[in-house]
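Now for the letters of each chain:
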Amino acid sequence: MLSAGTPEARNGGTATAEPVLRVDGLTAGYGKHVVLDGVALVVGEGELVALLGHNGAGKTTALRSIVGQVRPKAGSIHLDGAAVTGMSPAVTAKRGMSMVPQGQGVFPSMTVEENLRLAAAVATRRSSNPRPQDEVRAFVLDMFGILKRRHKDKAGSFSGGQRQMLAIGMALMTQPRLMLLDEPSTGLAPVLVDEVLAAVRKVNQELGTSVLLVEQDTKRVLAVSDRVYVIKLGVPVFDGTPAEMHQQDWSQLF
Ligand SMILES: Nc1ncnc2c1ncn2[C@@H]1O[C@H](COP(=O)(O)OP(=O)(O)OP(=O)(O)O)[C@@H](O)[C@H]1O
Ligand SMILES: [Mg+2]
């Protein structure tokens, strides 16, 4: 079993109070269209944090801004205490962010094995003590039994849920400090949504990977998250624990 190690070990030997991700006053959009206005969020070491909001609330734009696909108009983004605001996706990837995009994140004409190898090949140095790729690959295949059973099959023959598992597995091959998932449950039957979210939680707990999870299925997400943020039309409207969220009037948030 691949263990997460201590936070200090994962952090290169120095204990620090800095969260893995800190976003402050994030304002971003497309051209003159402002989509996010003053979004702040924190993902601590080993935390699974959810970002919720209605269709068009700006969740994907937030993730894109964090990984550098969208240049923020204002605000700051820090990874492990170092500013990455406005840096390119190549740089944020190198610093340890790995995003599983909304929709298709796998190569359908390639096998499971090939998809995982490709993800590993594009991974650059991600942690102070990277694990051997074979070890990570074995862990990913052990974690997702379906990938092990079908590792020679083309991803194009997979169901939506299976593709999502593979996309998560590919993100793990880069040994990320922070995994960002954009609605991994999109288009899945409820039973598969549970399976995918359980897999995300397992990765978080067994590997210690910090996770920022964007979702729309609030009830299911609350069951697996440590903390939750809600944005409404690009503006933060809630920040708290799942227990605190349960005490809110959700009709005011969505
Ligand atoms: N590339 C783009 N160019 C212009 N406007 C965009 C672009 N992408 C998104 N938008 C607009 O930004 C707003 C927020 O979109 P975004 O995709 O961030 O929302 P979301 O919360 O991820 O929604 P969903 O739950 O449907 O995925 C929407 O009004 C959308 O139309
Ligand atoms: Mg989206």
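Look above for the structure.
Scoring rules and cut-offs
Residues numbered from 1 in each chain as written. Chains lettered and ligands numbered in written order. Predicted model: local features only at pLDDT ≥ 70, side-chain atom pairs only at ≥ 80, totals over all residues. Heavy atoms only, no water. Pairing = 2+ DSSP bridges. Helix = DSSP H or I, 4+ residues; strand = E, 2+ residues; numbered from the N terminus. Contact = heavy atoms within 4.5 Å. Axes fitted to C-alpha atoms, helices over the stretch in contact; angles between N-to-C directions. Buried < 20%, exposed > 50% of the residue type's maximum accessible area, 1.4 Å probe, protein only. Arc of directions from axis to C-beta. Donors = N, O, S within 2.8 Å, 3.2 Å for Na, K, Ca; no water. Core = buried A, V, L, I, M, F, W, Y, C linked by side-chain atoms within 4.5 Å.

**Things to note about the sheet that holds strand β1 (residues 21-30)**
At step 1: Taken together, the four strands give an open sheet; going across it, the order is β2-β1-β4-β5, and neighbouring strands pair in antiparallel fashion. The sheet terminates laterally at β2 (33-43) and β5 (82-83), the two strands that pair on one side only.
At step 2: Strand direction decides the pairing type here: β1 and strand β4 (residues 74-79), joined by five bridges, are antiparallel. The residue of β4 that forms the bridge with V23 is I77.
At step 3: Sitting on the sheet, helix α2 (residues 59-67) is in contact with β1, β2 and β4, with an inclination near 115 degrees to β1.

**Things to note about helix α4 (residues 112-122)**
At step 1: The set of residues buried in α4 consists of V112, E113, N115, L116, A119 and A120. Angularly, the buried residues of α4 cover 165 degrees about the axis, an arc narrow enough to put them on a single face. Opposite the packed face of α4, turned more than 90 degrees from it, sit the exposed residues A121 and V122.
At step 2: Packed against the buried residues of α4 are α5 (133-143), α6 (145-149) and α7 (160-173).

**Side note on the sheet that holds strand β7 (residues 178-182)**
At step 1: An order of β6-β7-β8-β3-β9-β10 is seen for the six strands of this open sheet, with the pairing classed as mixed. In this open sheet, the two edge strands, each paired with only one partner strand, are β6 (97-100) and β10 (235-240). Looking at each pair of strands side by side, their axes are set apart by 15 degrees on average, direction ignored.
At step 2: For strand β3 (residues 48-52) and strand β8 (residues 210-215), the ladder comprises five bridges, and the chain directions are parallel. Bridge assignment links A50 to a residue of β8, and that residue is L213.
At step 3: Relative to the sheet, α2 contacts β3, β6, β7, β8 and β9 (227-232), its axis offset from that of β7 by approximately 150 degrees.
At step 4: Contacts from α7 reach β6 and β7 within the one sheet, and its direction differs from that of β6 by about 170 degrees.

**Overview of the coordination of the magnesium ion (ligand 2)**
At step 1: At this site the magnesium ion (ligand 2) is bound by T60 (OG1) and Q102 (OE1), with donor distances of 1.9 to 2.6 Å. On the criterion of sequence distance, the pair formed by T60 in helix α2 and Q102 in the loop between β6 and α4 is long-range, its members being 42 residues apart.

**Description of the nonpolar core**
Proteins that are soluble and globular tend to have nonpolar side chains buried together.
At step 1: Counting 47 residues, the largest nonpolar core has F144 and L147 as the members making the most contacts within it.
At step 2: At eight residues, the largest contribution of residues to this core is made by α7.
At step 3: Leave out the neighbours within four places in its chain, and L147 touches V112, V140, L141, F158, Q162, M165 and L166.
At step 4: Within the second largest apolar cluster, 28 residues are counted, among which are V39, L63, V67 and V214.

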